[in-house]
Amino acid sequence: MLDIRLLRESPELVKQRLATRDAALAPLVDQILAIDSARRAAETERQQLQSDRNRLSKEIGIGRKNGEDTSAKETEVRGIGTRIDEIGQEADAADTQQRDLLLALPNLPHDACPIGTTAEENPEVRRWGTAPAYDFEPKDHIALGQAHGMLDFEAGAKITGSAFVVYRGPGARLERALINFLLDLHTTQHGYTEISPPLLVKPECLVGTGQLPKFGDQVYHSPEDDLYLIPTAEVPVTNLHREEILKNEQLPIHYAAYTPCFRREAGSAGLGTRGLIRMHQFDKVELVHITTPETSMDALETLTGHAEKVLQLLGLHYRVIELCTGDIGFGSAKTYDIEVWAPGQKAYLEVSSCSTFGDYQARRMNLRYKDAEGKNRIAHTLNGSGTALARLFVALVETHQQADGTILIPEALRRHYGADQISTLSK
RNA sequence: GGAGAGAUGGCUGAGUGGUCGAAAGCACAUCUUUGCUAAAGAUGCGUAGGAGUAAUCCUACCGAGGGUUCGAAUCCCUCUCUCUCCGCCA
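Residue positions are given per chain, counting from 1 as you read along its sequence in written order. Whichever chain is written first is A, and whichever ligand is written first is 1; the rest continue in order. Thresholds applied to this predicted model are a pLDDT of at least 70 for local features of residues and 80 or more for the giving and counting of side-chain atom pairs; totals over whole chains, interfaces and linings are not thresholded and use all residues. To obtain the side-chain values, all non-hydrogen atoms of the structure were used and water was disregarded.

(A) Summary view of the pattern of salt bridges. Within this document, salt bridges are pairs made up of a side-chain nitrogen of Lys or Arg and a carboxyl oxygen of Asp or Glu, the two lying within 4 Å of each other. For the structure on display, the rule yields 28 salt bridges. The residue Asp-30 makes a salt bridge to Lys-15 at a minimum N-O spacing of 3.0 Å. Taken together, the residues span a long stretch of sequence, with Asp-30 in helix H3 (residues 26–65) and Lys-15 in helix H2 (residues 11–19) at a distance of 15 residues. Residue exposure (1.4 Å probe, protein chains only): buried if accessible area is under 20% of the type maximum, exposed if over 50%, otherwise partly exposed. Assessed through its relative accessible area of 41%, Asp-30 is described here as partly exposed. The closest approach of N and O atoms between Glu-74 and Arg-64, which form a salt bridge, is 2.6 Å. Where helices and strands are cited, they refer to DSSP runs of H or I of at least four residues and of E of at least two residues respectively, numbered from the N terminus.

(B) Structural view of the protein's contact with RNA strand B. Close to RNA strand B lie 20 residues, the nearest being Gln-47, Gln-50, Arg-64, Val-77 and Arg-368. We call a residue near a molecule or strand as soon as one heavy atom of that residue lies within 4 Å of the molecule or strand. What you see for RNA strand B is that sugar and phosphate hold 69% of its atoms within 4 Å of the protein. Polar contacts, as counted here, are pairs of nitrogen or oxygen atoms within 3.5 Å of one another; within protein the pair requires one atom able to donate a hydrogen and one able to accept it, and residues that are adjacent in sequence qualify only if both atoms are side-chain atoms. Asn-54 is positioned such that a nitrogen or oxygen atom in its side chain is 3.4 Å from a phosphate oxygen of RNA strand B. Take Asn-376: an N or O atom from its side chain is 3.1 Å from a phosphate oxygen of RNA strand B. Secondary structure elements with two or more residues in the surface near RNA strand B: helix H1 (4–9), H3, helix H4 (71–103) and strand E14 (368–370). When residues in the surface near RNA strand B are grouped by element, the largest group, twelve residues, is from H3.

(C) Structural context of the layout of surface pockets. Roughly 1500 Å³ of volume is contained in the largest pocket. Using protein atoms alone on a 1 Å grid, points that fit a 1.4 Å probe yet trap it form a cavity, whereas open point sets bounded by protein on both sides within 12 Å along at least five of seven lines form a pocket; residues with an atom within 4 Å of a point count as lining. For the largest pocket, the lining is made up of 44 residues, of which Glu-234, Arg-263, Gly-329, Glu-350 and Ser-353 are closest to its centre. The greatest single-element share of the lining of the largest pocket, amounting to five residues, is contributed by strand E13 (residues 347–356). By residue class, the composition of the lining of the largest pocket is 15 nonpolar, 15 polar and 14 charged. Ile-142, Asp-152, Phe-153, Glu-154 and Gly-275 are the residues nearest the centre of the second largest pocket, which is lined by 21 residues in total. Only helix H5 (141–147), strand E2 (151–152) and helix H6 (153–159) provide two or more residues apiece to the lining of the second largest pocket. Its residues assigned to classes, the lining of the second largest pocket comprises eight nonpolar, eight polar and five charged. Grid points are joined across faces, edges and corners, and a volume is the space filled by probe spheres set on the points. Amino acids are sorted into nonpolar (Ala, Val, Leu, Ile, Met, Phe, Trp, Tyr, Cys and Pro), charged (Asp, Glu, Lys and Arg) and polar (every other residue, Gly among them).

(D) Region of interest: the pairing of strand E11 (residues 318–322). Here E11 lies mainly inside the structure; four of its five residues are buried. Bridge count between E11 and strand E12 (residues 334–342): five bridges; the pairing is antiparallel. The residue bridging Arg-319 from the neighbouring strand is Glu-339, located in E12. Only strands joined by at least two bridges in the DSSP assignment are considered to pair.

(E) Region of the structure containing the domain arrangement of chain A. Segmenting chain A into domains produces domain 1 (4–103) and domain 2 (119–426). Its C-alpha centre places domain 1 at a distance of 43 Å from the equivalent point of domain 2. Summing both partners gives a buried area of about 610 Å² for domain 1 against domain 2, and 43% of it is carried by carbon and sulfur. Summed over both partners, the accessible area lost on bringing two parts together, with a 1.4 Å probe, is the buried area. Its largest share of buried area at the contact with domain 2, domain 1 owes to Thr-20, Arg-21 and Leu-103, together 86% of the area lost on that side. Seen at the junction of domain 1 and domain 2, the total is zero salt bridges. Our count for the contact surface shared by domain 1 and domain 2 stands at six residue pairs in polar contact (both at pLDDT 80 or more). Residues that form the side of domain 1 that touches domain 2 fall into these classes: one nonpolar, one polar and two charged. What marks off one domain from the next here is an automatic or database domain assignment.

(F) Quick peek at the nonpolar core. Membership of the largest hydrophobic core comes to 55 residues, with the highest contact counts inside it found for Leu-174, Leu-276, Leu-311, Leu-314 and Leu-413. Only heavy atoms enter the contact rule, under which two residues are in contact if any of them lie within 4.5 Å. Contact partners of Leu-311, with chain neighbours within four places excluded, come to Trp-128, Leu-316, Tyr-318, Ile-338, Val-340, Val-351 and Leu-392. Here, nonpolar core refers to any group of buried Ala, Val, Leu, Ile, Met, Phe, Trp, Tyr and Cys residues whose side-chain atoms link them within 4.5 Å. If you look at the next biggest cluster of nonpolar residues, it comprises 27 residues, including Val-14, Leu-18, Val-207 and Val-219.

(G) Structural view of the sheet that holds strand E5 (residues 200–201). Pairing within the open sheet is antiparallel, and its three strands lie in the order E5-E7-E6. Bordering the open sheet on either side are E5 and strand E6 (221–222), each of which pairs with just one other strand. As paired strands, E6 and strand E7 (residues 227–229) are joined by two bridges and run antiparallel to one another. Bridging across to E7, His-221 finds its partner in Tyr-228.

Following this line, the structure appears as structure tokens:
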């Protein structure tokens, strides 16, 4: 959520920055400002009436004690009460309307975010390694999954539906090994505190991180309980400190959480994609930072580096791209995507999206900290996948497949997997 | 799921219809004094919103939301959470 004061003080700046996302957003700023001004007028009147009521009520109390007749004043206050109700409804309605509009407004892209309108304009920042060459035709993960009895898409469709998968045997073991590898890496090498959160959250949490109210159709919902299945661990983990005032010395906070993620992918064009690329449920290890405003931009670089380390240790070629203003997510101020090379797909797959949200999420969830002067300030939040599992699985088995059909387990993962390769014997 | 108890400022805790945003203590900050591993005293110390150039003033908030009343931390209703006991269960 943007600061209403920023809109009041610098409406042109806000409009310009929003227009770098989408030209249609700028008019919303004037709409919000009109409501804000009406809201304040109503609020001022309400407060004046409340002040009158408080004063007269006190006089009635004192008058009664002294045995005076207070009925005239009581009638007057009754009239004031009616007007307070009327003007109060007006003020509350304007307040709700203003909040709804502000919640539907995306974050301002950071100055450091490259200007552009579509994904084609996302600049590549760097590459690590090179795409491996094979002296045989590399199989894709679907074929490899079938050969080793690792992935059962039919079973997933049978018990739940399309875009659900059953991992079995070495596949299930590899998935579990990757989860442990990722958590161990981030907690022991990068200093993160491990979190295992609930997978169902209240609507307020999704409002806090920005999925609600705009993207409710992308999240699984249990109406009887008004609870939502999390689309990412970002939601419960960032909301851990919702409506709190953290102490200065508590920052920065670094959390790493493994959770399954659930996404309806309503209207998604890619849902027809074969294999593990786009699923309704997938595993992910998420990294969350809560920082001061002064350190959040540096933290984004650090966070991205932590996610990259995963791919380096697993010997997977990747590239880092920087999302342009027209392509960054709703709440993001600046985002790096990490895309890993998948030889069987002959394509780069997004396995991590690392973003700083500035104070956008923190203001939505009223997450503050006390600075060195003892002043309450809105914190900054960041998160990035460290990394998504299903696509990492794809890149891993496709990259490390051998001519004889076996799959080499990278050195760094062997301790967790318990073997140095997946062969047909490992079924 | 059933029964009971509770929810007040950073913490403890008083307050059952009228200057209560809220006593007192602790903690914290600044200052003063005596002095030495501390003690005493003074002052200050919640959040949000609104008006004003500003000093400052006003409003709201005692778990949340409604209601009664001229007036609610206080009375009534609903909900949430915590604790205890019972049931059920991994």
